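Spelled out from the first residue to the last, the chains are:
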Amino acid sequence: PDRHSHRVAKDPFLLIDLFEQVARDDGGKTMLYLVGWGPGESELRDCIRQKGLDDRVRVLGRIEHSSLPAYYSASDLLLIPFRLDKLNQGSATIEGFACGRPAAAFKLHDTDATEQTGGFLIDDSSARGASTLLQRLGDDYLAAKGREAKAFSRQFTLPHAGARLEEIYSSVIRGRS
């Protein structure tokens, strides 16, 4: 495998490291709910316990896909445990956007822009990432990013995507005539 392949893998452990820093500095206000399952889940639960975060982090495990909108809508922010260069990648991000919720993920490269439509990217250094996250946890900021996210998600609706495909096919057909 490529020596940088770990940079594109899901990394919930990095999310826990970041949240450990947030939990030290937020005055006990923030909770983290993890949805999903897979290899390493028991190790993740052990990590949460070892860091003393049992009362602030809940691992919900596997949730039926049809139930996810309720979880997205109940959240203030979706933290995607991937490194991305743009926040418009991944179905979970777009699904959260459709529910009017902002998202955050880790930067793939140090030079990636922090501010993104519908949310923000954070450094994969726990201290710097936690600082960015804590600065943006204000209600006004997250509400504004949620409105951006909802507007952005409209381009993924069936009517919009269908119209775009029709436009693409028409231009190809016209080009061949």
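Look above for the structure.
Residues numbered from 1 in each chain as written. Predicted model: local features only at pLDDT ≥ 70, side-chain atom pairs only at ≥ 80, totals over all residues. Heavy atoms only, no water.

1. Quick notes on the overall build of the chain
And step 1. Along the backbone of the chain there are seven helices and six strands.
And step 2. Overall, the chain shows an N-to-C arrangement of helices and strands of α-β-α-β-α-β-α-β-β-β-α-α-α.
And step 3. The dimensions of the chain, computed from C-alpha atoms along their principal axes, are 65 × 40 × 35 Å.
And step 4. Within the chain, the proportion of its 177 residues that are buried is 37%.
And step 5. Across the chain, every contact between residues at least 6 apart in sequence was considered, and the portion connecting residues at least 24 apart equals 66%. (Helix = DSSP H or I, 4+ residues; strand = E, 2+ residues; numbered from the N terminus. Buried < 20%, exposed > 50% of the residue type's maximum accessible area, 1.4 Å probe, protein only. Contact = heavy atoms within 4.5 Å.)

2. A few points about the packing of helix α1 (residues 12–25) against helix α5 (residues 126–135)
And step 1. α5 packs onto α1 with a crossing angle of 55° between their chain directions and a minimal axis gap of 8 Å. Comparing the axis directions of α1 and α5 gives the class oblique. Crossing of α1 against α5: the hand is right-handed. The residues of α5 that touch α1, namely those facing D17, L18, Q21, V22 and D25, are S126, A127, G129, A130, L133 and L134. (Axes fitted to C-alpha atoms, helices over the stretch in contact; angles between N-to-C directions. Parallel < 35°, antiparallel > 145°, perpendicular 65-115°, else oblique. Left-handed = near helix turned anticlockwise from the far one by under 90°.)

3. With respect to the packing of aromatic side chains
And step 1. Taken as a whole and assessed by the stated rule, the structure comprises two aromatic pairs.
And step 2. Here the aromatic rings of F97 and F152 are separated by 5.8 Å at their centres, their planes lie at 85°, and the arrangement is edge-to-face. On the criterion of sequence distance, the pair formed by F97 in helix α4 (residues 91–98) and F152 in helix α6 (residues 139–153) is long-range, its members being 55 residues apart. With respect to class, F97 is no different from F152; both count as buried. (Phe/Tyr/Trp six-rings, centres within 6.5 Å; stacked < 30°, edge-to-face > 60°.)

4. Quick word on the sheet that holds strand β4 (residues 103–107)
Two pairing modes exist for strands in a sheet, parallel and antiparallel, and in both the strands are linked by backbone hydrogen bonds.
And step 1. Strand order in the open sheet formed by four strands is β3-β4-β6-β5, and the pairing between neighbours is mixed. If you trace the sheet from one side to the other, it starts and ends with β3 (78–84) and β5 (115–116), each paired once.
And step 2. Summarising the sheet, β4 and strand β6 (residues 119–122) pair through four bridges and their orientation is parallel. Residue pairing across strands places F106 opposite I122, the latter belonging to β6.
And step 3. Contacting β3 and β4, α4 crosses the sheet at an angle of about 145° to β3.
And step 4. In this fold α6 packs onto β5 and β6, with an angle of close to 110° to the strand it touches most, β6. (Pairing = 2+ DSSP bridges.)

None of the figures reported here should be taken as evidence of function without further support.
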